[in-house]
Amino acid sequence: MLENQSLSIPLEAYLLLASLLFCIGVWGLINSRNAVRVLMSIELMLNAVNINLMAFSAYLDGDLIRGQVFTIFVITVAAAEAAVGLAILLSLYRNRVTVDMESFNLLKW
Amino acid sequence: MNIANSTELICFLVLSIIVITGSLGVVLLSNIVYSAFLLGGVFMAVAGLYLLLNASFVAAAQVLVYVGAVNVLILFAIMLVNKKEELKPIKGLQIRKVLSAGVCAGLLALLIRVDLTTPWNLPGPSAIGEKATERIGEHLFTDYLLPFELASILLLMAMIGAIVLARRDVLVNDVGTGESVDQGLIEKTTNPILIDKRSTS
Amino acid sequence: MAAPENLINLSLNAAAVAPEGVVLLAMLGTLIVDLAGEKAAAKWSPPISYLGLGTALILLGFQWNGPLEPSFLGSFLADNLAIAFRAVIALSTLISLLISWRYAEQSGSPVGEYAAILLAATLGAMLLCGSTDLVSVFVSLETLSVASYLLSGYMKRDARSSEAALKYLLVGSAAAAVFLYGASLLYGISGTTNLEAIGIALIDSPTPLAALALVFVLATVAFKIAAVPFHQWTPDVYEGSPTPVVAFLSVGSKAAGFALAVRILIGCFDAFDTQWKLLFTVLAVLSMTLGNVVALAQTSMKRMLAYSSIGQAGFVMIGLVCGTEDGFASMILYMAAYLFMNLGAFACIILFSIRTGSDRISDYAGLYQKDPLITLGLSLCLLSLGGIPPMIGFFGKIYLFFAGWADKQYLLVVVGLITSVISIYYYISVIKMMVVKEPQEASEVVNSYPLIQWKTIGLPPLRIALVTCVVVTAVGGILSNPLFQWANSAVAGTPLLQQVIALAGERSIG
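The shown structure was predicted, so the numbers you read here are calculated from the model rather than taken from an experiment. (Residues numbered from 1 in each chain as written. Chains lettered and ligands numbered in written order. Predicted model: local features only at pLDDT ≥ 70, side-chain atom pairs only at ≥ 80, totals over all residues.)

(A) Here's a closer look at the overall build of chain A. Within chain A, the regular secondary structure consists of three helices and zero strands. Considering only contacts within chain A whose residues lie at least 6 apart along the sequence, 52% involve residues at least 24 apart. (Helix = DSSP H or I, 4+ residues; strand = E, 2+ residues; numbered from the N terminus. Contact = placed C-beta atoms within 7 Å.)

(B) Seen up close, the overall build of chain B. Of the regular secondary structure elements, chain B holds six helices and zero strands. Seen through its C-alpha atoms, chain B measures out along the principal axes to roughly 75 × 50 × 30 Å. Here chain B, with 201 residues, has 34% of them falling under the buried criterion. Nonlocal contacts in chain B, meaning residues at least 24 apart in sequence, comprise 44% of its contacts between residues at least 6 apart. (Buried ≥ 20, exposed ≤ 12 C-beta atoms within 10 Å, placed from the backbone.)

(C) Helix 21 (residues 459-476) of chain C, seen in detail. The end-to-end C-alpha distance of helix 21 of chain C is 25 Å, a good match for the 26 Å that 18 residues give at a rise of 1.5 Å each. On its buried face, helix 21 of chain C is in contact with helix 4 (80-98), helix 5 (101-107), helix 15 (325-356), helix 17 (372-386), helix 18 (392-406) and helix 22 (481-492) of chain C. (Expected span 1.5 Å × (residues − 1).)

(D) Quick look at the confidence of the model for chain B. Residues and elements named next belong to chain B. Averaged over every residue, the pLDDT of chain B is 86; the share at 70 or more is 91%. Looking at the elements of chain B, mean pLDDT is at its lowest for helix 5 (residues 132-140), recorded as 92, and at its highest for helix 2 (residues 32-52), recorded as 95. Overall, residues 192-201 carries pLDDT values under 50, and its contacts beyond four positions in sequence, including any with other chains, amount to 11 contacts. (pLDDT = per-residue confidence, 0-100.)

(E) Layout of the interface of chain C and chain B. Between chain C and chain B, the contact holds 60 residues from the first and 44 residues from the second. Secondary structure elements with two or more residues in the side of chain C that touches chain B: helix 1 (4-7), helix 3 (38-63), helix 5, helix 6 (111-130), helix 7 (134-152), helix 8 (159-190), helix 10 (207-224) and helix 15 of chain C. Considering every element that reaches the side of chain C that touches chain B, the biggest residue donor is helix 7 of chain C, with nine residues. Taken together, the residues of the side of chain C that touches chain B sort by class into 31 nonpolar, 18 polar and 11 charged. (Nonpolar A, V, L, I, M, F, W, Y, C, P; charged D, E, K, R; others polar.)

(F) Fine view of the environment of C:Val22. Residue and element names in this part refer to chain C. Considering the arrangement of structural elements, one finds valine 22 in helix 2 (residues 18-34). The exposure class assigned to valine 22 is buried, which follows from the 21 C-beta atoms found within 10 Å. In the structure, valine 22 is positioned 12 residues away from aspartate 34 in sequence and 18 Å away in space, judged by C-alpha atoms. Leave out the neighbours within four places in its chain, and valine 22 touches Gly52, Thr55, Ala56 and Leu59.

(G) Here's a closer look at unusual backbone geometry. The step from C:Val228 to C:Pro229 runs through a cis peptide bond, and the omega angle for that step is 5°. Looking at where C:Pro229 falls in the secondary structure, it is placed in the loop between helix 10 and helix 11 (233-240). For the bond running from C:Pro389 to C:Pro390, omega is 5°, close enough to zero to count as cis. With respect to the helices, strands and loops of the structure, C:Pro390 is situated in the loop between helix 17 and helix 18. The phi dihedral of A:Ile65 is positive, around 40°, even though this residue is not glycine. With respect to the helices and strands, A:Ile65 occurs in the loop between helix 2 (35-60) and helix 3 (66-96). Exposure remark for A:Ile65: the 27 C-beta atoms within 10 Å place this residue in the buried category.

(H) Expanded view of the nonpolar core. If you look at the biggest cluster of nonpolar residues, it comprises 320 residues, and the most contacted ones within it are A:Val84, A:Leu89, C:Ile117, C:Met335 and C:Ala347. Counting residues per element, this core draws most heavily on helix 15 of chain C, which supplies 23 residues. Leaving out residues up to four positions away in the same chain, C:Met335 has contacts with C:Val88, C:Ala255, C:Phe258 and C:Val316. (Core = buried A, V, L, I, M, F, W, Y, C linked by C-beta atoms within 7 Å.)

(I) Structural detail: the packing of helix 4 of chain C against helix 15 of chain C. Residue and element names in this part refer to chain C. Between helix 4 and helix 15, the shortest axis-to-axis distance is 10 Å and the interhelical angle comes to 0°. As summarised for this structure, helix 4 and helix 15 are arranged roughly parallel, according to the angle between their axes. Along its contact with helix 4, which presents Ala84, Val88, Leu91, Ser92, Ile95 and Ser96, the element helix 15 presents Ile332, Met335, Ala336, Leu339 and Leu343. Classifying every residue of the contact of helix 4 with helix 15 gives nine nonpolar, two polar and no charged. (Axes fitted to C-alpha atoms, helices over the stretch in contact; angles between N-to-C directions. Parallel < 35°, antiparallel > 145°, perpendicular 65-115°, else oblique.)

(J) Main features of the packing of helix 14 (residues 301-322) of chain C against helix 15 of chain C. Residues and elements named next belong to chain C. Two elements in contact, helix 14 and helix 15, have axes separated by 8 Å at closest approach and are oriented at 170°. Between helix 14 and helix 15, the crossing angle belongs to the class labelled roughly antiparallel. On helix 15, the residues touching Met301, Leu305, Gln312, Phe315, Val316, Gly319, Leu320 and Cys322 of helix 14 are Gly327, Phe328, Ser330, Met331, Tyr334, Met335, Tyr338, Ala345 and Ile349.

(K) Broad picture of the domain arrangement of chain B. When cut into domains, chain B gives domain 1 (1-83), domain 2 (91-120) and domain 3 (133-184). Here the C-alpha centroids of domain 1 of chain B and domain 2 of chain B sit 23 Å apart. (Domains from an automatic or database assignment.)

(L) Structural view of the confidence of the model for chain A. On average, residues of chain A score 87 in pLDDT, and 89% of them are at 70 or above. The spread of mean pLDDT over the elements of chain A runs between helix 3 of chain A, the lowest at 93, and helix 1 (residues 11-31) of chain A, the highest at 95.

(M) Representation of helix 2 of chain C within the structure. Helix length check: helix 2 of chain C, at 17 residues, gives a terminal C-alpha distance of 24 Å against a target of 24 Å (1.5 Å per residue), a fit within 8%. Looking only at helix 2 of chain C, the buried set comprises C:Pro19, C:Glu20, C:Val22, C:Val23, C:Leu24, C:Ala26, C:Met27, C:Gly29, C:Thr30, C:Leu31 and C:Asp34. The inward-facing, buried residues of helix 2 of chain C abut helix 6 (145-166) of chain B together with helix 3, helix 4 and helix 6 of chain C.

(N) Just the interface of chain A and chain B, in detail. Chain A puts 76 residues into the contact, and the matching count from chain B is 79 residues. If you list the elements that add at least two residues to the side of chain A that touches chain B, you get helix 1, helix 2 and helix 3 of chain A. The dominant element in the side of chain A that touches chain B, judged by the number of residues it contributes, is helix 3 of chain A, at 25 residues.

(O) Highlighting the environment of C:Ala336. Looking at the secondary structure, you find C:Ala336 in helix 15. Separated by 56 residues in sequence, C:Ala336 and C:Ile392 have C-alpha atoms that sit 9.6 Å apart.

(P) Seen up close, the environment of C:Gly458. Along the polypeptide, C:Gly458 turns up in the loop between helix 20 (444-447) and helix 21. With 23 C-beta atoms counted inside 10 Å, the residue C:Gly458 sits in the buried group. Separated by 354 residues in sequence, C:Gly458 and C:Ala104 have C-alpha atoms that sit 9.2 Å apart. Not counting the four nearest positions on each side in its chain, C:Gly458 is found in contact with B:Gly176, C:Trp101, C:Arg102 and C:Glu105.

As structure tokens, this is what we get:
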């Protein structure tokens, strides 16, 4: 029973889900005009990575589960990044009173 | 196929559908508040997937950190910067969206091809099951000790930096000369920036 | 790797990160004195950070050629390559801090936190140089990145600074997510996070997966070293960030990026070296061309140095692509030379903007009348960046081109030579602006130039840094033999590089 656990779903199903989530995140990253939504898209991409790591960890690294540890680090860092991102967003909002990515053009690309 | 397996399969399908539709909603909905709540739903569903993978500790961390902290933080940010804002229409935006969708579809095809064609090293060693939390602790204090300690520094630094950036401080004097300063770059722009100062007053 | 139960009795060998420990202590020290108020912070933060970074450099010196044992159970390796890059990073932070104080105080930013965040960035960058595990690579990379985002947005009342920080953060986090996706694929194929073990697993792994992981990881490396076409953030971030932060980003952060490139590409993707070398050749050619050509058109000094740093990164990549003993040595040597000449140039432009509040190139017109020190220092550093003998940059560049030519990288060397000539043109035009203009042609800013004084708090360290960098840039070229030996022994003392060089030798014979 123990060996059979979680094997009824193929590993590839998780990987496909992660790929799809990652691509949705990339699309949102490119096309969002609201800076907060760009941050959300990045969180989606990170969650896709986490699904990948967790799936590999469960299917291929069952006794050492390094992927789970990696995921915990990703979650930690993502939280720090989100906090910093929103602090920067707030300070920019105070200066510009907009969160529209298209209007952040004081510096030319 | 027994009942346990089919239950698992159904759970997986339901969670995947929540993840996919939720994330599509996050990037597509025009109301950012709905997006933020859907993002919370996606995080919860991903935590459910972790439970399916026998990783209860990571699932708990996902709920606590992503839903409890990141998502709440995002909601706060939306409330703080929530001004009715008429986005200026931009020419060719629709074309850009379609084009980038094409690019993303190409990327997706590539990723799927790699996912499906790679001969993964299956079946791996049997799962550790309920001892996973213990094993994570062992990892954090043996071979991942260095990143673990560094993560604490990262969090400390992020906290300090976020406070420094977000607080409205009254310090506006040069420590050396005592002159008043404006907390801007020393290099002044030659063309004046149109800054709406209403919020800073 | 054995199960964790068997690892508990192994020694951590934590002495390898002693330099980082000292930097951490300095960071905590600056935070503690900052509690006593802004005046105390302005007084005590500098000595504490000098002490920490100085001690770290000394400890790094003691580690040189030391016994090589992986520390933290395979997370970190203090080989000579790591030590060399960590020393470059610590030194770049030290000099960046020396030139920061006046700038931060004059803009009214809190100084104690500034030093603490910069030291945290240094800590991340230094650990990144020696990381041999995907997890430590990721966490140290993110420490460096998050600190950099905070620093570039540090002038929080300036829309340009906040905007630069937001762009940097969004692009940087996206790059980190892409890196992580690549890392997760690497973990999936090898079942481990140790770079060496992944490298072994990749030898007989299927190509599509390895190629995809390679591209994903390479994109992040290229983002960190600002190689074209992953460079778009550079000019914006450089223009909008506080100038001392730009100084750190252009040297310290870039050095960390190159160390990461060596660790991942050579340590992990060695089985795919034709592929990544091809990609890196393309990146190097594009970087050298675009960086140097676009720099011609810039009117802002910071932006010009941003594009010039893209071009310089292209030169350094030549050494990495070669993969020979000389190639690696020339890469390390050029990084060290670049440290002094680039920070010297930044010290000069920071001093100029502190005195005048401008960084437009046209405002430098006729400066030699009013401020000979800046004129001389900036001229020497720019000439060195352009590769004019007998500056240190000339010898560094010649060594790079020599290594490239010996390894038959003719395309890279020819492009490098041509773009060097282009770069000399725009460097010289700045010098011409400062020196050749008649007094009546001098810019308004220069005409109303303030009296030169060095008394204000924060200016003496700036002067020390400026003079040191300029002297090393000018004299270091003639006395560069110790530097050559240092770079060569850095390569000789790194088993990872020796392995690759030996392999390449076998291939070329066989």
